[in-house]
Amino acid sequence: MEKRSRVAYIAPTIEYVELCEMIPRLSLRTPIVEALISAMGLYQHLTVERVREALVEELEAFHSKDYLNALNDPPADLEELEDYGLVDDCAPFSGMLKYALLTAGGALHAARAVASGTTLRAIWWGGGRHHAKWSSASGFCYVNDAVIACNHLSTNLGRVLYIDLDAHHGDGVEEAFITTDEVMTVSFHAFSRGFFPGTGGFPAEEGKAGYRSQPPQCRSVSCVPKVYQTSVPTRRGYALNMPLLPNTGDEVFVPLIGKATEQVKRAYNPKAVVLVAGPDCLSGDPLGELRVSVQGLTRAVRRILDWELPTVLLGGGGYSQANTARALASITAAAASVEIPDEVPENPFFEIYGPDFTFNHYVRETQRAKMEDTHLKRLDGILSKTVTHLLQDRSSSSS
Ligand SMILES: [Zn+2]
């Protein structure tokens, strides 16, 4: 196989696995995913490289110095911890900064691999922590490695299309790039009353969620980023949100992603793609609601891979351990153009894949789901408006 056609796979280290154990919702995810990928013999089709820490200065490309200091040395005061989002589902733990440096290091490593032209695709399943903000943690995300990867690709290759298939709105990434047209964010996610993070609805609904209504209330921050400076115009046309109803299922999810991403790609003309696979969109996920199958998610990702653009693949959320591993292994195989078997091979976590031990045991359940026509029409409307705006912007900038 030609060198460029091999997929770069950024693999975790023991230290990274141990640090992930400090985050309850990520417990055992990495070893389960790696065990399945190894048992399927996929490593031999990949260029495997171990994750390395990013430098603190590389995280400063997005995160505030104060926030990074808080990761290194969490304040004792509860109010200060709340300012940094280091409470509840982002509780502080020993080694937080190291975890952030490794998570961002994996995404940077993947971005460098595709930006240098040595490979077309690079995978870092530890990444995709899309909720983390400039100066706060959010939704199990302590560092926004996706923003850092997009930054690197945009600097080195040009326009980046960020596509987020996670069941939750990619709010941190959208916010990071809302003032620029150099990175376009497209997020497909569940949107319903009380569903985290409560943003990413149709434009008329965003105000109701109080989206970006005020800057972060952080007493110790040294500066406020562009996004919160009222004089800086937002580039709303470069953030497309596709809010989906609960139980969307493959029948709507797969064609919608194919159509929307294809149209945006043609109008926006990106030079690179950052894709968050987000297997919490799968059926059976305790925190997702979209009821997509492993095959459906893989088909959706494959359509984007078929563009043959330099692409970084990141993991995102996924809280059913068996289905997350099934999906990430299946997408790894698709990226490397390898067929996957119907049956899950023997591996150290084999028992969690029961009772059927296959890759497709819950397809039937997902095929029943449907989405209302009125909602689909609203999605179509927002898509065509966005595409029209992109084309107008392109023709006015080239004239
Ligand atoms: Zn999620």
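Thresholds, definitions, all that
Residues numbered from 1 in each chain as written. Predicted model: local features only at pLDDT ≥ 70, side-chain atom pairs only at ≥ 80, totals over all residues. UniProt positions renumbered as here; feature names shortened; annotations may be inferred. Helix = DSSP H or I, 4+ residues; strand = E, 2+ residues; numbered from the N terminus. Buried ≥ 20, exposed ≤ 12 C-beta atoms within 10 Å, placed from the backbone. Contact = placed C-beta atoms within 7 Å.

Named according to an unreviewed UniProt entry, the chain is Histone deacetylase originating from Rhodosorus marinus. Annotation of the chain in UniProt includes, under Sequence similarities (unreviewed entry), the sentence "Belongs to the histone deacetylase family. HD Type 1 subfamily." The record held by UniProt for the chain lists under Cofactor (unreviewed entry) the comment "a divalent metal cation".

**Considerations on the overall build of the chain**
Within the chain, the regular secondary structure consists of 14 helices and 8 strands. Residue burial in the chain is summarised as follows: out of 399 residues, 49% are buried. A sequence separation of at least 24 residues applies to 79% of the contacts in the chain between residues at least 6 apart.

**Some thoughts on the UniProt feature "binding site: substrate" (unreviewed entry) in the chain**
The sites that UniProt annotates as "binding site: substrate" (unreviewed entry) are Asp89, Gly139 and Tyr319. In sequence the annotated residues extend across 231 residues, while in space they remain close, none of their C-alpha pairs exceeding 13.6 Å. Topologically, Gly139 is positioned in the loop between strand E3 (121-124) and helix H7 (145-156). Using a count of 21 C-beta atoms within 10 Å as the deciding quantity, one classes Gly139 as buried. Non-local contacts of Gly139, meaning those with residues more than four positions away in its chain, are made with Asp89, His131, His168, Phe196 and Pro197. Among the structural elements, Tyr319 can be located in the loop between strand E8 (311-314) and helix H12 (321-335). A count of 19 C-beta atoms within 10 Å places Tyr319 in the partly exposed class. Sequence-distant contacts of Tyr319, defined by excluding residues within four places in its chain, comprise Arg25, Asp280, Asp285, Pro286 and Leu287.

**A short note on the UniProt feature "active site" (unreviewed entry) in the chain**
Within this structure's numbering, the places UniProt gives as "active site" (unreviewed entry) are His131. Relative to the helices and strands, His131 resides in the loop between E3 and H7. Residues within four places of His131 in sequence aside, it is in contact with Ser138, Gly139, Cys141, Asp171, Gly172 and Pro197.

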